[in-house]
Amino acid sequence: REFYYVCSAYTPNYDKMEGNPICRQIPWGETSHHSEMLEAWQEGRTGYPWIDACMAQLRLEGHIHHLARHAVACFLTRGDLWVSWEKGALWFE
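Keep in mind that this is a model prediction, so the values were computed, not measured.

### Here we look at the overall build of the protein chain
- Across its full length, the protein chain carries five helices and zero strands.
- In the protein chain, the succession of helices and strands from N to C terminus is α-α-α-α-α.
- Referenced to the eigenvectors of the C-alpha coordinate spread, the extents of the protein chain come out at roughly 40 × 30 × 20 Å.
- The buried share of the protein chain, taken over its 93 residues, is 33%.
- Nonlocal contacts in the protein chain, meaning residues at least 24 apart in sequence, comprise 43% of its contacts between residues at least 6 apart.

### Structural notes on the packing of aromatic side chains
- One pass over the full model with this rule turns up four aromatic pairs.
- Seen from their ring centres, F3 and Y4 are 5.0 Å apart, and the 80° between their planes marks the pair as edge-to-face.
- Under the relative-accessibility criterion, F3 is labelled exposed at 56%.
- Seen from their ring centres, W41 and F92 are 6.1 Å apart, and the 65° between their planes marks the pair as edge-to-face. With a gap of 51 residues between them, W41 in helix 2 (residues 32–43) and F92 in helix 5 (residues 85–92) connect regions that are remote in the sequence.
- We note R69 situated over the ring of F92; from NZ or CZ to the ring centre the distance is 4.1 Å.

### Observations regarding helix 2
- The end-to-end C-alpha distance of helix 2 is 17 Å, a good match for the 16 Å that 12 residues give at a rise of 1.5 Å each.
- Burial in helix 2 covers these residues: H34, L38, A40, W41 and Q42.
- Where the residues of helix 2 are buried, they touch helix 3 (49–61), helix 4 (66–78) and helix 5.
- G44 sits one or two positions beyond helix 2 and adopts a positive phi of about 70°.

### Re the packing of helix 2 against helix 3
- Look at helix 2 against helix 3: their axes get within 7 Å of each other, and the N-to-C directions meet at 65°. What the angle tells us is that helix 2 and helix 3 run roughly perpendicular. Of the residues in helix 3, those touching helix 2 at W41, Q42 and E43 are I51, M55 and R59.
- Partitioned by chemical class, the residues of the contact of helix 2 with helix 3 number three nonpolar, one polar and two charged.

Criteria and thresholds
- Residues numbered from 1 in each chain as written.
- Predicted model: local features only at pLDDT ≥ 70, side-chain atom pairs only at ≥ 80, totals over all residues.
- Heavy atoms only, no water.
- Helix = DSSP H or I, 4+ residues; strand = E, 2+ residues; numbered from the N terminus.
- Buried < 20%, exposed > 50% of the residue type's maximum accessible area, 1.4 Å probe, protein only.
- Contact = heavy atoms within 4.5 Å.
- Phe/Tyr/Trp six-rings, centres within 6.5 Å; stacked < 30°, edge-to-face > 60°.
- Lys NZ or Arg CZ within 6 Å of the ring centre and 35° of its normal.
- Expected span 1.5 Å × (residues − 1).
- Axes fitted to C-alpha atoms, helices over the stretch in contact; angles between N-to-C directions.
- Parallel < 35°, antiparallel > 145°, perpendicular 65-115°, else oblique.
- Nonpolar A, V, L, I, M, F, W, Y, C, P; charged D, E, K, R; others polar.

Printed below as a string of structure tokens:
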């Protein structure tokens, strides 16, 4: 945690992709299909039981274990969805 805190303190636009010098600029999916999949992810309707259970717990209890959070974040960005981490981060705030 402390490492990322220090990185965020000294990296411009650390919380954004655009203008962040250490963030790889990825062409995320921006189609209506991606919007539908983002909504399914948020509601726990992806069809992947582990991901759906994690998102259901987040919705019901307001928190999930850090490994579950990592799993749903990886699924969102590198799994079947290919949706920007910035959109996922908004869901956790």
